[in-house]
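# Summary of the model geometry
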Amino acid sequence: MNQLNFTHLKGTTFEAQTFTIQKNGSPLSLVGASIKMQLRKCYGTTVSLELSNGSGITITNAAGGVFRIDERVINIEPAAYKYDIKITLSDGSVHKWIKGEFNIVETITS
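Just so it is clear, the model here is predicted, and its values are computed rather than measured.

Next up on the list: the side chain of aspartate 70. With respect to the helices, strands and loops of the structure, aspartate 70 is situated in the loop between β10 (66-69) and β11 (72-74). Under the relative-accessibility criterion, aspartate 70 is labelled buried at 15%. Among the polar contacts listed, one links the side chain of aspartate 70 to the side chain of arginine 68, at a separation of 2.7 Å. Setting aside anything within four residues of it in sequence, one finds aspartate 70 in contact with Phe14, Ala16, Gly56, Ile57 and Thr58.

This is the structure in structure tokens:
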């Protein structure tokens, strides 16, 4: 599983992040796939932010395995969150190739 960490200032715009998923060196087809990402302070706690297809995540090239977390203002409580990205393929198989920390920090100027 790939580890990717983010640090973001509360109440500011998170720039879009694009991902390409490959399996055995070839793009993984995301045709018919669903993708979901959740931020939590730790496992089993309340979801602080959830993104999914059409609601913060866009599959931009399904055949090429490309999707993005869309640009958006993130305005949740400052904390060190954990996240992973769950991809459910059209055949029903479930994969998590990306995880990490998503730190939201307080800003000075309101």
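Burial along strand β2 (residues 6-9) is one-sided: Phe6 and His8 are buried, and none of Thr7 and Leu9, which face the opposite way, are. The sheet contact formed by β2 and strand β13 (residues 94-105) spans four bridges and is parallel. Paired with leucine 9 across the bridge in β13 is valine 105.

Considering only enclosed or pocket space, the largest pocket measures out at about 410 Å³ in volume. Around the largest pocket sit 17 residues that line it, and Gln38, Arg40, Tyr83, Asp84 and Lys96 are the ones nearest its centre. Classifying every residue of the lining of the largest pocket by side-chain character gives five nonpolar, four polar and eight charged.

What counts and how
Residues numbered from 1 in each chain as written. Predicted model: local features only at pLDDT ≥ 70, side-chain atom pairs only at ≥ 80, totals over all residues. Heavy atoms only, no water. Helix = DSSP H or I, 4+ residues; strand = E, 2+ residues; numbered from the N terminus. Buried < 20%, exposed > 50% of the residue type's maximum accessible area, 1.4 Å probe, protein only. Polar contact = N/O pair within 3.5 Å; in protein donor to acceptor, adjacent residues only side chain to side chain. Contact = heavy atoms within 4.5 Å. Pairing = 2+ DSSP bridges. 1 Å grid on protein atoms, 1.4 Å probe; cavity = no way out; pocket = protein on both sides within 12 Å on 5 of 7 lines; lining within 4 Å. Points joined across faces, edges and corners; volume = space filled by probe spheres on them. Nonpolar A, V, L, I, M, F, W, Y, C, P; charged D, E, K, R; others polar.

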